[in-house]
Amino acid sequence: MATVPDMLGPLNISADTPALRIRGVEKHFREKDPETGRWRPVAAVAGLDLEVPRGEILGILGPNGSGKSTLIRLVATLLLADRGRVEVFGLDVERNRLLVRRLINRVSVEASFFKKLTAAENLAYATGLYGVPNRVAQARAREILERLGLPAKKLSVPLEQLSRGQQQKVAIARALLTSPTLMLLDEPTTGLDPKSRREVQEFVLEVRATHDATIVISTHDMDEADRICDRVAIINAGRFAAIDRSDRLKARWGGSAGTMEQVFFTLIGEHLDEADAEEGGD
Ligand SMILES: Nc1ncnc2c1ncn2[C@@H]1O[C@H](COP(=O)(O)OP(=O)(O)OP(=O)(O)O)[C@@H](O)[C@H]1O
Ligand SMILES: [Mg+2]
């Protein structure tokens, strides 16, 4: 199989250096108070500590607006933290931004593509940035997309003509083309049909097994977190409420049924029956 360059080897990073280390990280945005019209700071990330060892799949579960994407964007160097420190393989992300960008790959629902270009052209552009030869990249892209159930002929139509799920598959293929040392997957399975979702999950497990990759994945799918993640972090209002193996989370916070859904509701401070009542209400 075609190989991509191993970025970590030449950097001499020891095996016990965590793939990701976050200490006291805070990020505030400004938002306009609708009543006074004044700008005020809102904490999207309100003080996070986290260590992800190499080879781990860490899941992040949390309500809408709890800070998952902000956290991922901070690690991906797309945002700068107001406070604290983020290290990727021991490298401070602010001081080593370009190097860190070559060690990480981010897939998000609002995938950043050139929509008028085809999938093949977009993949060629992305891999060019990472120094992967185009011939190698195209062969591997075909292989990955076939695995994810995207017909090969879709590689040569403009991306804007692909469905959201199909575009997401191209984004996943892109992340895997370049040596995916730390993969940041922001809701990679949201909006995918059940079969595609399962294919992506299997693929994530396979990538970890075959690529020495570390994976941080945010999701709203409780079963997904339970099934593929070594540990799950529950984030609420910009803080981690818990980080542990899912069996331990379920034993401690999963109630009598021992479900991840109950863990989620317990840790974000709502009760399942109240939420159900609200859904059915008014
Ligand atoms: N660029 C921005 N400007 C202003 N506020 C922002 C910005 N990005 C995020 N926020 C705010 O930060 C908070 C966290 O947003 P974030 O996108 O990290 O949440 P999330 O957990 O990814 O949510 P979702 O599950 O809906 O994707 C929200 O209150 C959001 O309104
Ligand atoms: Mg998000």
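Just above sits the structure.
None of the values given here were measured: they were computed from a predicted structure. (Residues numbered from 1 in each chain as written. Chains lettered and ligands numbered in written order. Predicted model: local features only at pLDDT ≥ 70, side-chain atom pairs only at ≥ 80, totals over all residues. Heavy atoms only, no water.)

(A) The site of ligand 1, seen in detail. The environment of ligand 1 is made up of Phe 29, Ala 44, Pro 63, Asn 64, Gly 65, Ser 66, Gly 67, Lys 68, Ser 69, Thr 70, Glu 187 and His 220. Contact between ligand 1 and Gly 65: an oxygen atom at 2.8 Å from a main-chain N or O atom of the residue. A distance of 2.7 Å separates an oxygen atom of ligand 1 from a polar atom in the side chain of Lys 68. For ligand 1, whose unbound accessible area comes to 640 Å², protein coverage reaches 60%. Looking at which element gives the most residues to the shell around ligand 1, the answer is helix H2 (residues 68-75), with three residues. (Near = heavy atom within 4 Å. Polar contact = N/O pair within 3.5 Å; in protein donor to acceptor, adjacent residues only side chain to side chain. Areas by Shrake-Rupley, 256 points an atom, 1.4 Å probe, with all protein chains shown as cover. Helix = DSSP H or I, 4+ residues; strand = E, 2+ residues; numbered from the N terminus.)

(B) Region of the structure containing unusual backbone geometry. Non-glycine residue Thr 77 carries a positive phi angle of around 65°. Checked against the element boundaries, Thr 77 lands in the loop between H2 and strand S4 (83-88). Residue classification places Thr 77 among the buried residues on the basis of a relative accessible area of 2%. One non-glycine residue, Glu 187, lies in positive phi territory at about 50°. In this structure, Glu 187 sits in the loop between strand S7 (182-186) and helix H7 (194-211). A residue is classified by how much of its surface remains accessible, and Glu 187, at 13% relative accessible area, is buried. (Buried < 20%, exposed > 50% of the residue type's maximum accessible area, 1.4 Å probe, protein only.)

(C) Focus on the side chain of Ser 218. Here Ser 218 shows up in strand S8 (residues 214-218). Taking relative accessible area as the criterion, Ser 218 reaches 0% and is therefore assigned buried. Reaching out from Ser 218, the side chain makes a polar contact with the backbone nitrogen of Glu 187 at a distance of 3.0 Å. In contact with Ser 218, other than residues within four places in its own chain, are Ile 60, Lys 68, Ile 72, Leu 185, Asp 186, Glu 187 and Pro 188. (Contact = heavy atoms within 4.5 Å.)

(D) Representation of the sheet that holds S7 within the structure. The sheet built from six strands is open, its strands ordered S6-S7-S8-S3-S9-S10 with mixed pairing. In the strand order of this sheet, the two ends are held by strand S6 (104-108) and strand S10 (239-244), each with one partner. Each adjacent strand pair in this sheet contributes to an overall mean axis angle of 15°, direction not counted. Relative to S8, strand S3 (residues 57-61) runs parallel, the two sharing four bridges. (Pairing = 2+ DSSP bridges. Axes fitted to C-alpha atoms, helices over the stretch in contact; angles between N-to-C directions.)

(E) Structural context of the pattern of salt bridges. Throughout the structure, instances matching the rule amount to 20 salt bridges. A salt bridge links Asp 244 to Arg 248, with the nearest nitrogen and oxygen atoms 3.2 Å apart. For Asp 244, a relative accessible area of 21% puts it in the partly exposed group. Among the ionic contacts, a cluster of salt bridges with common partners joins Arg 21, Arg 23, Glu 51, Arg 85, Glu 87 and Asp 92. (Salt bridge = Lys/Arg side-chain N within 4 Å of Asp/Glu carboxyl O.)

Fair warning: the whole summary comes from geometry, so function is off the table for now.
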